[in-house]
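In case you want the letters, here they are:
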Amino acid sequence: MRYAVVAGLLASVATYSIAAAEEPPPDRVFVLHSRASGQCPALNWNIGVDDQSHALSGIIAWGDKMQSVARASGKFEMADRSFTMKAKEVGGRGRTADITGQVRNDGWLVANITGPGIKCNSVTIPWYRPGGPGPG
């Protein structure tokens, strides 16, 4: 599993159809920095993928000055390009959140996050390949 800390990107929300399963690029991380919008707080997202097991793991920070941090883990289901993750707050109130979504044909994640006081729909998260080219 590779982890990396890279500069964030404010990504747009997209709606689209998922085509036939296609393997995402190897050795990548999913990184996002976004501002708060409605019930979705500001987010810093840094998730790595294990290409052998299709496991996802990393951290998600949120809120004013990113004072809240959660460990997140889950798995891709390549047959239908879906993923599920659970996030558990480190310290603080120990809150949890469910994260579900799809992997786009270009390898980006589109996530829905629900938890106490958090509801984020269609958060689009780009991938980066540490030491290599990222998405177009």
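Quick notes on the rules
Residues numbered from 1 in each chain as written. Predicted model: local features only at pLDDT ≥ 70, side-chain atom pairs only at ≥ 80, totals over all residues. Heavy atoms only, no water. Core = buried A, V, L, I, M, F, W, Y, C linked by side-chain atoms within 4.5 Å. Buried < 20%, exposed > 50% of the residue type's maximum accessible area, 1.4 Å probe, protein only. Helix = DSSP H or I, 4+ residues; strand = E, 2+ residues; numbered from the N terminus. Contact = heavy atoms within 4.5 Å. pLDDT = per-residue confidence, 0-100. Pairing = 2+ DSSP bridges. Phe/Tyr/Trp six-rings, centres within 6.5 Å; stacked < 30°, edge-to-face > 60°.

1. Quick word on the nonpolar core
Core analysis: the largest hydrophobic core is formed by 29 residues, its most contacted members being Phe 30, Trp 45, Phe 76, Phe 83 and Ile 99. For this core, the secondary-structure elements that each account for two or more residues are strand E1 (29-34), strand E2 (43-50), strand E3 (55-62), strand E4 (68-77), strand E5 (82-89), strand E6 (96-103), strand E7 (109-115) and strand E8 (118-125). Not counting residues up to four positions away in its chain, the partners in contact with Ile 99 are Trp 45, Ile 60, Phe 83, Thr 84, Met 85, Ala 87, Ala 111, Asn 112 and Ile 113.

2. Some remarks on the confidence of the model for the chain
Taken as a whole, the chain shows an average pLDDT of 79; of its residues, 77% reach a score of 70 or greater. When pLDDT is averaged over each helix and strand of the chain, the minimum, 86, is found for strand E9 (residues 127-128) and the maximum, 96, for E5. Scored below 50 in pLDDT, residues 1-22 shows 55 contacts in the model against residues more than four places distant or in partner chains.

3. Structural notes on the sheet that holds E7
The 9 strands lie next to each other as E8-E7-E6-E5-E4-E3-E2-E1-E9, forming an open sheet whose pairing is antiparallel. What marks the edges here is a single partner per strand, and that holds for E8 and E9. Bridging between E3 and E4 involves 8 bridges; their strand directions are antiparallel. In the strand pairing of E4, Ile 60 is matched with Ala 70.

4. So, the packing of aromatic side chains
Summed over all chains, the structure comprises 2 aromatic pairs. Taking 6.3 Å as the distance between ring centres and 75° as the angle between the ring planes, the aromatic pair formed by Phe 76 and Phe 83 counts as edge-to-face. For Phe 76, a relative accessible area of 2% gives the class buried. Looking at Phe 83, the relative accessible area reads 1%, which means it is buried. An aromatic cluster of at least three residues, connected via ring pairs, comprises Phe 30, Phe 76 and Phe 83.

5. Structural notes on unusual backbone geometry
As a rule of thumb, non-glycine residues mostly have phi less than zero, and peptide bonds are mostly trans rather than cis. You will see that Lys 65, though not glycine, has its phi angle at about 60°, which is positive. Relative to the helices and strands, Lys 65 is located in the loop between E3 and E4. Of the residues examined, Lys 65 reaches a relative accessible area of 77% and is grouped as exposed. Positive phi is not limited to glycine here, since Met 66 has a value of about 55°. As for its position among the elements, Met 66 is in the loop between E3 and E4. Looking at Met 66, the relative accessible area reads 17%, which means it is buried.

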